[in-house]
Amino acid sequence: MAEYKGVMVYCEAAEGRLLPIATELLGCGKKLAGDLGEELCAVLLGANVSSVAQEAITFGADKAYVVNDPQLGDYQTDSYVAALEKVVKEVMPQIVLMGQTSVGRDLAPRLAFRLDPAASMDCIDLAIDPESKRLLQTRPVYGGNAQATFTYDSDPQIATVRAKAMSPLEADPSRQGEVITIDAGLDPQAIRTRVLEKVPEEVAGIKLEDANAVICGGRGIGTAEGFKELEELARILKGAVGATRPPCDNGWVPDSAQVGLTGKIVAPDLYIGIALSGSSQHMSGCSGSKNIIAINKDPEANIFKEARYGVVGDWKKVVPAFRDKVKELLTE
Amino acid sequence: MNMIVCVKQVIDPEAPPASFKIDSASNKVVPPPGVSPVISPFDEQSVEAALRIRDAQGGKITVISMGVNLLRDVVKKPLAMGADELILLEDDAFTEGDSWSTAYALAMAIKKIGDYDLIFCGRQAADWDAGQVGSGIAEILGLPSVTVAKKVETADGKAKVERVTADGYEVVEVSLPALITVSNELGEPRYPTMKGIMAAKKKEPAIWKPADIGVEPAQVGTAGRRTRIVKLFQPVREGKCEIISGETPEEAAVGLATKLREAKIL
Ligand SMILES: Cc1cc2nc3c(=O)[nH]c(=O)nc-3n(C[C@H](O)[C@H](O)[C@H](O)COP(=O)(O)OP(=O)(O)OC[C@H]3O[C@@H](n4cnc5c(N)ncnc54)[C@H](O)[C@@H]3O)c2cc1C
Ligand SMILES: Nc1ncnc2c1ncn2[C@@H]1O[C@H](COP(=O)(O)O)[C@@H](O)[C@H]1O
């Protein structure tokens, strides 16, 4: 029987480019493949993704497998699991990595259960055990209050990786690699879902996950109007506004503003947490920020355990004065 | 519409982070004393999703919970909210499973129930945050699945599901029977009414053992695990926050801005 060998990265792309998470996965996959002395390959699934294969190679893949099929235009569980299952069975990688994204969250467990073991979701550290050569999969558990390292004995070992947890390699356009096309072999009858509509939430300004400054508001902001004040501050800092879950649940901000374990992952140079307690689930989404600043009226709030600088006080008094001073300093 | 909802009893995820303790020798979490466990929050939202469908068009809701030391006050909450029946997979053999052994046992229990149109799970359990069991059950039972739902409606043998994505949502149609995992965007679960609480008190859950669902004890719980925990640990936090103070909040705010400038953060 053939052996499972090498590392495979499932690369998500949009508008003909790899998503940042895909380049991060390739960077991480390259290291793991190196430690195993094996190859790194990329897989692209979609209606028309051939053009992205070369980009995956510049970011470190030795080979790129491309599966083009009109039925892979929209992400759908049945079609994507079937197509990826086919690729994995043909290539037989020892390790399969995906992003902890809307797609990866859905695809990884389903694929893992089809191929037998379960996946490790939302990993922040992956390493090859020097003795057993098995994949050590470290992920936050209990909302980020703890971390656990998992391993399992059967192949392929499937893991999803949290955004911004790994570093991409420098793109190298001179890197060469083979591009291999695989037929999806989909049975239209086996696709039991249909995407009727996509409804994007329009967000003005800089995207939260790309911003160098993130101003997050919590339950203590109290109203949608309150968030307008944070937007003002964000504008001055050329940043974006995020939120904990309660402001999203209450409709003060769109759901897509949520930062945390089940929301967006941000790692800006400057993160300011305002009127939020710093729950482990929220901090999961921002603890990679370079400088964490806290404004909260409760000196015991957990956010002060994570912050570098803080002010204890009512945000309604602190934020306007802070904003004016920042504006002054930045226009000096 | 026959619906099944899988709910898990977990340590309260909203308990203060400082109360969270682990025993590193056994790689186990020590439940914080005096803090009652709860139904994992997304699972309450799953119950709510099922109740909304029953409100609209009738049907029956069966709740399944697997574990040991299941507190009746906790696991009966879905009944108090309005669910019709409760089945507990309660046996030492069901202790501390991984995603695989948990999904397998739940799938076998669902098979035994047999008659269902919709199965609901939470998008992830608030203890191990895996987010796999729903998809796992669907795969084992050969059902289609839609994950991270914020709205579910059914008509003509199909469900229309609003699935949350990073930048909005998409509307997905799925044939029934299907499995759906639910997210908090669905909205607040309803509070149990006094009448509901009284009715739940009187209802006795059915207790199923491994043999009742046709599995060997070695296939479920710890014995059935495919993943091993090498290490469980608490990340160390630096915790050296410099508090900028002032006579007034405004003064402190100005001090903070100045400090950030000095530190070249601004
Ligand atoms: C499985 C799971 C996943 C989750 N995922 C996420 C996630 O991705 N993101 C997320 O954010 N949450 C998530 N949560 C919810 C999380 O547990 C917390 O409930 C949430 O983060 C709390 O938000 P908060 O800090 O805004 O509110 P609270 O904890 O209520 O804190 C409000 C804070 O505001 C302060 N405050 C109030 N008024 C003022 C004022 N006038 N001035 C200054 N300070 C004031 C208070 O002192 C308090 O510290 C998740 C929960 C679970 C169980
Ligand atoms: N022990 C359990 N009993 C009942 N349902 C469970 C159990 N474990 C997991 N589930 C269901 O599966 C979902 C996802 O769990 P997980 O994959 O462990 O994050 C939960 O939200 C529940 O709906």
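Being a predicted model, the structure only gives us computed values, none of them experimental.

What counts and how
- Residues numbered from 1 in each chain as written.
- Chains lettered and ligands numbered in written order.
- Predicted model: local features only at pLDDT ≥ 70, side-chain atom pairs only at ≥ 80, totals over all residues.
- Heavy atoms only, no water.
- Pairing = 2+ DSSP bridges.
- Helix = DSSP H or I, 4+ residues; strand = E, 2+ residues; numbered from the N terminus.
- Axes fitted to C-alpha atoms, helices over the stretch in contact; angles between N-to-C directions.
- Contact = heavy atoms within 4.5 Å.
- Buried area = accessible area lost by both parts, 1.4 Å probe.
- Salt bridge = Lys/Arg side-chain N within 4 Å of Asp/Glu carboxyl O.
- Polar contact = N/O pair within 3.5 Å; in protein donor to acceptor, adjacent residues only side chain to side chain.
- Nonpolar A, V, L, I, M, F, W, Y, C, P; charged D, E, K, R; others polar.
- Parallel < 35°, antiparallel > 145°, perpendicular 65-115°, else oblique.
- Left-handed = near helix turned anticlockwise from the far one by under 90°.
- Near = heavy atom within 4 Å.
- Areas by Shrake-Rupley, 256 points an atom, 1.4 Å probe, with all protein chains shown as cover.
- Core = buried A, V, L, I, M, F, W, Y, C linked by side-chain atoms within 4.5 Å.
- Buried < 20%, exposed > 50% of the residue type's maximum accessible area, 1.4 Å probe, protein only.

**Quick word on the sheet that holds strand β12 (residues 178–181) of chain A**
Residue and element names in this part refer to chain A.
Working step 1: The parallel open sheet is built from seven strands, whose spatial order is β7-β11-β6-β1-β4-β5-β12. Looking at which strands have only one partner, the edges of the open sheet turn out to be β7 (120–123) and β12. When the angles between neighbouring strand axes are averaged without regard to direction, this sheet yields 25 degrees.
Working step 2: The pairing of strand β1 (residues 7–10) with strand β4 (residues 40–46) spans four bridges and is parallel. Counterpart to Tyr 10 in the pairing with β4 is Val 43.
Working step 3: In the packing of helix α2 (residues 50–58) onto the sheet, contacts are made with β4, β5 (63–68) and β12, and the angle to β5 comes to roughly 160 degrees.

**Observations regarding the interface of chain B and chain A**
Working step 1: Residue-level contacts link 78 residues of chain B with 74 residues of chain A.
Working step 2: Summed over both sides, the interface of chain B with chain A buries roughly 7,100 Å², with 57% coming from carbon and sulfur.
Working step 3: Counting the surface chain B buries against chain A, the share from its top three residues, Gln 132, Glu 139 and Arg 228 of chain B, is 9%.
Working step 4: Note that Asp 116 of chain A is salt-bridged to Arg 226 of chain B, the shortest N-O span being 2.7 Å.
Working step 5: At the boundary of chain B and chain A, one finds 34 residue pairs in polar contact (both at pLDDT 80 or more).
Working step 6: For the side of chain B that touches chain A, the secondary structure elements donating two or more residues are α4 (99–113), α5 (133–141), β9 (145–155), β10 (158–165), β11 (168–175), β14 (227–233), β15 (242–243) and α7 (249–262) of chain B.
Working step 7: Of all the elements, α7 of chain B adds the most residues to the side of chain B that touches chain A, at eleven residues.
Working step 8: Partitioning the side of chain B that touches chain A into residue classes produces 40 nonpolar, 17 polar and 21 charged.

**What to know about the packing of helix α4 (residues 102–115) of chain A against α5 of chain B**
Working step 1: Between α4 of chain A and α5 of chain B, whose axes approach to 8 Å, the crossing angle comes to 40 degrees. Judged by the angle between their axes, α4 of chain A and α5 of chain B are oblique. When you trace α4 of chain A past α5 of chain B, the crossing you get is right-handed. Contact residues: α4 of chain A offers Asp 106, Pro 109, Arg 110, Phe 113 and Arg 114 of chain A, while α5 of chain B offers Ser 135, Gly 136, Ala 138, Glu 139 and Ile 140 of chain B.
Working step 2: Of the residues that constitute the contact of α4 of chain A with α5 of chain B, the class distribution is four nonpolar, two polar and four charged.

**A short note on the site of ligand 2**
Residues and elements named next belong to chain B.
Working step 1: As a structural note, the neighbourhood of ligand 2 is formed by 17 residues, with Cys 6, Asp 43, Ala 125, Gln 132 and Val 133 the closest of them.
Working step 2: The contact in question runs from an oxygen atom of ligand 2 to an N or O atom on the backbone of Ala 130, over 3.3 Å.
Working step 3: A distance of 2.7 Å is found between an oxygen atom of ligand 2 and a backbone nitrogen or oxygen belonging to Gly 131.
Working step 4: Protein chains bury 97% of the 490 Å² of accessible surface belonging to ligand 2 in isolation.
Working step 5: At the level of elements, β6 (60–67), α4 and β8 (118–122) are the ones that each hand at least two residues to the shell around ligand 2.
Working step 6: With three residues, β6 is the single largest residue contributor to the shell around ligand 2.
Working step 7: Residues that form the shell around ligand 2 fall into these classes: nine nonpolar, six polar and two charged.

**Section: the nonpolar core**
Working step 1: Among the nonpolar cores identified, the biggest contains 38 residues, and Leu 237, Ile 272, Ile 274 and Phe 322 of chain A together with Leu 256 of chain B are the most heavily contacted of them.
Working step 2: At seven residues, the largest contribution of residues to this core is made by helix α9 (residues 315–331) of chain A.
Working step 3: In this structure, Phe 322 of chain A is in contact with Leu 233 and Ile 272 of chain A together with Ala 253, Leu 256, Ala 257 and Leu 260 of chain B, ignoring residues within four places of it in sequence.
Working step 4: Listed in part, the 35 residues of the second largest apolar core include Val 74, Leu 79, Ala 83 and Ala 200 of chain B.

**Quick notes on unusual backbone geometry**
Working step 1: Residue Pro 156 of chain A follows Asp 155 of chain A across a cis peptide bond; omega there is -5 degrees.
Working step 2: Relative to the helices and strands, Pro 156 of chain A is located in the loop between β10 (146–152) and β11 (157–161).
Working step 3: Omega for the peptide link from Leu 176 of chain B to Pro 177 of chain B comes to -5 degrees, which places this bond in the cis form.
Working step 4: Structurally, Pro 177 of chain B is set in the loop between β11 and β12 (178–182).

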